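Architecture at a glance
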Amino acid sequence: MTADEQTPEWEGATNLRHLSGAVYRMGLPERITARGWQQMAADGVTTLVDLRNDDELGRREPGWAGVDPPESISVVHRPVEDQSNAEFMDLCPTILD
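What counts, and where the lines are drawn
Residues numbered from 1 in each chain as written. Predicted model: local features only at pLDDT ≥ 70, side-chain atom pairs only at ≥ 80, totals over all residues. Heavy atoms only, no water. Helix = DSSP H or I, 4+ residues; strand = E, 2+ residues; numbered from the N terminus. Buried < 20%, exposed > 50% of the residue type's maximum accessible area, 1.4 Å probe, protein only. Contact = heavy atoms within 4.5 Å. Areas by Shrake-Rupley, 256 points an atom, 1.4 Å probe, with all protein chains shown as cover. Patch = residues over 30% accessible without salt bridge, like charges linked within 9 Å, V, L, I, M, F, W, Y side chains within 5 Å. Salt bridge = Lys/Arg side-chain N within 4 Å of Asp/Glu carboxyl O. Arc of directions from axis to C-beta. Core = buried A, V, L, I, M, F, W, Y, C linked by side-chain atoms within 4.5 Å. Polar contact = N/O pair within 3.5 Å; in protein donor to acceptor, adjacent residues only side chain to side chain. pLDDT = per-residue confidence, 0-100. 1 Å grid on protein atoms, 1.4 Å probe; cavity = no way out; pocket = protein on both sides within 12 Å on 5 of 7 lines; lining within 4 Å. Points joined across faces, edges and corners; volume = space filled by probe spheres on them. Nonpolar A, V, L, I, M, F, W, Y, C, P; charged D, E, K, R; others polar.

Broken down by element type, the protein carries 2 helices and 4 strands. Per-residue burial for the protein yields a buried fraction of 22% across its 97 residues. Partitioning the contacts of the protein with sequence separation of at least 6, the portion at a separation of at least 24 is 51%. Per element, the accessible surface of the protein, about 6,700 Å² overall, is 49% carbon and sulfur.

Structure follows, in structure tokens:
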């Protein structure tokens, strides 16, 4: 981890930030390399919570590592946007990307 922000360095992790305690945020877990997953496990990560919608999962873009997490890290999918809710979509369309 960097001393100033206590943000770890996990190879392939994008937009990685330490939020508080044992909570971190990042984008696109598909970009994490095998080494990056090992670094996460070594830093004590046991669960990755993916908040993306179903249609955002598994996209293939340049930089994708295509590496599955180790068995010691569980990945749970818990989308937080209800795009079928018209009121929600009217309130939030500009911030959903």
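Moving on from the coordinates now.
So, on to a nonpolar patch on the surface. Taken together, the side chains of V49, L51 and V80 define a hydrophobic patch exposed on the protein surface, amounting to about 270 Å² of accessible area. Checked against the element boundaries, V80 lands in the loop between β4 (74–77) and α2 (86–91). Note on V80: relative accessible area 58%, which makes it exposed.

Buried within helix α1 (residues 34–42) are the following residues: G36, W37, Q39 and M40. Taken down its axis, α1 places every buried residue within 160° of arc, on the same side. For α1, exposure combined with an orientation more than 90 degrees from the buried face picks out Q38 and A42. Directly beyond the C-terminal end of α1, a positive phi value near 95° is found at G44.

It is worth spelling out the nonpolar core at this point. Grouped together as the largest cluster of nonpolar side chains are 8 residues: W10, L16, I32, W37, M40, V45, L48 and I73. Those residues in contact with W10, other than ones at most four positions away along the chain, are L16, Y24, M26, G36, Q39, M40, D43 and V45.

The topology assignment puts E30 in the loop between β2 (23–27) and α1. A distance of 2.9 Å separates a polar atom in the side chain of E30 from a polar atom in the side chain of R52.

Glancing now at unusual backbone geometry. A negative phi angle characterises most non-glycine residues, just as the trans form characterises most peptide bonds. In this structure, N15 is a non-glycine residue whose phi angle is positive, near 55°. Turning to its location among the elements, N15 is positioned in strand β1 (residues 14–20).

On average, residues of the protein carry a pLDDT of 84, and 86% of them reach 70 or more. Looking at the elements of the protein, mean pLDDT is at its lowest for α2, recorded as 84, and at its highest for α1, recorded as 95.

Of the pockets and cavities examined, the second largest pocket occupies roughly 190 Å³. A class-by-class count of the residues in the lining of the second largest pocket yields 6 nonpolar, 1 polar and 5 charged.

So, about the environment of C92. As for its placement among the helices and strands, C92 is situated in the segment after α2. With relative accessibility at 15%, the residue C92 sits in the buried group.

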